[in-house]
Amino acid sequence: MRFNLVILSLLFLTGCFRGSKFETSPIHLNPNMDNQQKYRALEESYFFDDGSTMRKPVEGTIARGMINENYAYLSGKNDDGSYLRDNPIELSMDVLNRGQERYNIYCAVCHSQVGNGKGIVTKYEYPVIPANLHDKRIREQADGEMYNTIVYGLRSMPAYGYQINTEDVWSIIHYVRALQRSQNATIEDLPEEEKNKLSDNS
Ligand code: HEC
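Everything numeric here is computed off the predicted structure, so don't read it as measured data.

S.K.: Can you lay out the site of the ligand for me, pointing to particular residues and giving the numbers?
M.R.: Inspection of the region around the ligand gives 25 residues, with Cys 107, Cys 110, His 111, Ser 156 and Met 157 positioned closest. Gln 141 places a side-chain nitrogen or oxygen 3.1 Å from an oxygen atom of the ligand. A distance of 2.7 Å separates an oxygen atom of the ligand from a polar side-chain atom of Ser 156. When atom positions are compared with the pocket grids, the ligand is found to occupy the largest pocket. Elements with a minimum of two residues in the shell around the ligand: α4 (108-111), α5 (136-140) and α6 (143-152). Its residues placed into classes, the shell around the ligand shows 19 nonpolar, four polar and two charged.

S.K.: Please give an account of helix α7 (residues 166-183) that cites residues and values.
M.R.: The α-helix advances 3.6 residues per turn, and as a result positions three or four apart in sequence lie on the same side. An ideal rise of 1.5 Å per residue puts 26 Å on 18 residues; α7 measures up with 26 Å between its terminal C-alpha atoms. Of the positions making up α7, those classed as buried are Asp 168, Val 169, Trp 170, Ser 171, Ile 172, Ile 173, His 174, Tyr 175, Val 176, Arg 177, Leu 179 and Gln 180. Among the structural elements, α2 (71-75), α3 (93-106), α5 and α6 are those in contact with the buried residues of α7. Backbone nitrogen of Glu 167 and a side-chain oxygen of the N-cap are separated by 3.2 Å at the start of α7; the cap is Asn 165.

S.K.: Explain the packing of aromatic side chains to me, and be specific about the residues and the numbers.
M.R.: When we look at a pair of aromatic rings, we describe it by the centre distance and by the angle of the planes. Overall, the coordinates contain four aromatic pairs when judged by the stated rule. Note that Arg 55 overlies the ring of Phe 48, its terminal NZ or CZ placed 3.7 Å from the centroid.

S.K.: Break down the coordination of the iron atom of the ligand for me, with residues and values.
M.R.: Six octahedral donors around a metal ideally make angles of 90 or 180 degrees; four tetrahedral donors ideally make 109.5 degrees. Surrounding the iron atom of the ligand are the protein donor atoms His 111 (NE2) and Met 157 (SD), at 2.0 to 2.1 Å. Each of the six donor atoms bound to the iron atom of the ligand contributes to angles spanning 87 to 179°, and the resulting shape is octahedral. Linking His 111 in helix α4 with Met 157 in the loop between α6 and α7, this pair joins segments that are 46 residues apart in sequence. For Met 157, a relative accessible area of 24% gives the class partly exposed.

S.K.: So what's going on with the pattern of salt bridges? Residues and values would help.
M.R.: Scanning the model with the defined rule gives ten salt bridges in all. Linking Asp 50 and Arg 55 is a salt bridge whose minimum nitrogen-to-oxygen distance equals 2.7 Å. Accessibility expressed as a relative area gives 42% for Arg 55, which makes it partly exposed. For the salt bridge of Lys 195 with Glu 188, the shortest nitrogen-to-oxygen distance reads 3.5 Å.

What counts, and where the lines are drawn
- Residues numbered from 1 in each chain as written.
- Predicted model: local features only at pLDDT ≥ 70, side-chain atom pairs only at ≥ 80, totals over all residues.
- Heavy atoms only, no water.
- Near = heavy atom within 4 Å.
- Polar contact = N/O pair within 3.5 Å; in protein donor to acceptor, adjacent residues only side chain to side chain.
- 1 Å grid on protein atoms, 1.4 Å probe; cavity = no way out; pocket = protein on both sides within 12 Å on 5 of 7 lines; lining within 4 Å.
- Sits in = over half its atoms within 2 Å of the grid points.
- Helix = DSSP H or I, 4+ residues; strand = E, 2+ residues; numbered from the N terminus.
- Nonpolar A, V, L, I, M, F, W, Y, C, P; charged D, E, K, R; others polar.
- Expected span 1.5 Å × (residues − 1).
- Buried < 20%, exposed > 50% of the residue type's maximum accessible area, 1.4 Å probe, protein only.
- Contact = heavy atoms within 4.5 Å.
- Phe/Tyr/Trp six-rings, centres within 6.5 Å; stacked < 30°, edge-to-face > 60°.
- Lys NZ or Arg CZ within 6 Å of the ring centre and 35° of its normal.
- Donors = N, O, S within 2.8 Å, 3.2 Å for Na, K, Ca; no water.
- Tetrahedral: all angles 85-135°; square planar, octahedral: opposite > 155°, others 65-115°.
- Salt bridge = Lys/Arg side-chain N within 4 Å of Asp/Glu carboxyl O.

Right under this line is the structure:
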């Protein structure tokens, strides 16, 4: 009996139970290359002159996702964090056509082809109501804010940054602006020639 107790307490002391935790490393009979000399990050180094283990990146290195040159274009924001007011890509017929094509692929299912938020999903018990893009608030919001809505999503709107590249997002925004304009145009927006046609008819 006493012998059993000794064995049991030895087992306890040596921590030989399956799953038990050790503070010290176990005895390693065949170390192979498991333990090697190495530097850990932030550890002092005796090798490098500056005494630091971590090396600075070679000058001019840009880590993935850290390119800053096109900050406004890539983030839709100014340097002070406010939203970019105007679309950074130039408006052209090509851009509008591309924007229209992408809008009809990615946005129309929810916001509808005319942007009034009555896309096809609303006929199938889609649980939330897509925004009407002709709302005054959305008409007046900065292009950079819309950019962020599309790229990162907003409340119940999913993010599209993974599917639509940056150039296309900005093209879509140009197109949404055209859609909005189409619902809020005045006679003043028409070219002279068209205006004259209208007044001739009247
Ligand atoms: C799956 C449906 C869906 C798709 C696809 C979708 N949206 Fe939305 N969108 C929504 C919903 C829902 C809201 C309302 C979000 C809220 O207010 O909770 C919204 C809101 C918005 C708003 C208003 C944001 C604000 O400031 O309130 C804009 C602008 C917008 N969407 C643009 C787009 C554009 C551009 C696309 C295409 C790239 C797109 N959406 C694709 C569902 C969608």
